[in-house]
Amino acid sequence: MARNGSDDATRRSTTGVEQVEGLLAYAQTQPRWGQGAMKNAMKAVSLSRDLAARDPAEHTQLLVRSLRTTARLLLRRRRAEEALPLALEAVALARPARGAPLVTCLSTLAEVYEALQRFGEAAEAATEAAKAVDPPG
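Residues numbered from 1 in each chain as written. Predicted model: local features only at pLDDT ≥ 70, side-chain atom pairs only at ≥ 80, totals over all residues. Heavy atoms only, no water.

We now examine the overall build of the chain. Looking only at helices and strands, the chain features six helices and zero strands. Counting from the amino terminus, the chain carries its helices and strands in the arrangement α-α-α-α-α-α. The buried share among the 137 residues of the chain stands at 41%. Contacts spanning at least 24 positions in sequence make up 53% of the contacts within the chain whose residues lie at least 6 apart. As displayed, the chain offers around 7600 Å² of accessible surface, 52% of which is attributable to carbon and sulfur atoms. (Helix = DSSP H or I, 4+ residues; strand = E, 2+ residues; numbered from the N terminus. Buried < 20%, exposed > 50% of the residue type's maximum accessible area, 1.4 Å probe, protein only. Contact = heavy atoms within 4.5 Å. Areas by Shrake-Rupley, 256 points an atom, 1.4 Å probe, with all protein chains shown as cover.)

In structure tokens:
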């Protein structure tokens, strides 16, 4: 199904996962200061929370992606204080799976800390991301 707007993501025939993916994709195409982007991103977080609550094994990574994407959108809008809890939650949820999701979440968290001028914590997150890319062994 072609995504022409946020309404396409909420049609009755659209699955929950498709709704979340559509809302996130649409939010990322909106102008930097547009309120529609944040509304769609927050709706994607809410829907993915519901999906993950029903089936954590199947949908936790979707929630991680929703949280990380929304945190990045907030950063683009210079709202780092609001992005921080989302980035922290994304890291906590991605940590058990490790791999690429954890690396991207840690990188986002490092960016949020930098925006907040919490440079020590930013360096810690960036170091952890680098170690997750090249695990010892």
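From this point, the narrative continues.
To characterise two packed helices, one gives the angle between the axes of the helices and the distance between these axes. One way to put it is that helix H1 (residues 16-29) packs onto helix H2 (residues 35-54) with a least axis distance of 8 Å and a crossing angle of 155°. Judged by the angle between their axes, H1 and H2 are roughly antiparallel. Every pair of crossing elements has a handedness; the one defined by H1 and H2 is left-handed. Contacts between H1 and H2 involve Gly16, Val17, Gln19, Val20, Leu23, Leu24, Tyr26 and Ala27 on the former and, on the latter, Ala37, Asn40, Ala41, Lys43, Ala44, Leu47, Ser48 and Leu51. Looking at the contact of H1 with H2 residue by residue, the classes come out as eleven nonpolar, four polar and one charged. (Axes fitted to C-alpha atoms, helices over the stretch in contact; angles between N-to-C directions. Parallel < 35°, antiparallel > 145°, perpendicular 65-115°, else oblique. Left-handed = near helix turned anticlockwise from the far one by under 90°. Nonpolar A, V, L, I, M, F, W, Y, C, P; charged D, E, K, R; others polar.)

Moving on to the side chain of His59. Along the chain, the position of His59 falls in helix H3 (residues 56-76). Ignoring sequence-local partners within four residues, the contact set of His59 consists of Val17, Leu51 and Ala52.

With 15 residues, helix H4 (residues 80-94) ought to run about 21 Å at 1.5 Å a step, and its terminal C-alpha atoms sit 20 Å apart, in line with that. Every buried residue of H4 is accounted for by Ala80, Ala83, Leu84, Leu86, Ala87, Ala90, Val91 and Ala94. Next to the buried residues of H4 lie H2, H3 and helix H5 (99-115). (Expected span 1.5 Å × (residues − 1).)

All told, the structure shown has six salt bridges when counted by the stated rule. The closest approach of N and O atoms between Arg79 and Glu82, which form a salt bridge, is 2.8 Å. Look at Arg79 and you get partly exposed, because its relative accessible area is 26%. On the accessibility criterion, Glu82 (40% relative accessible area) is partly exposed. (Salt bridge = Lys/Arg side-chain N within 4 Å of Asp/Glu carboxyl O.)

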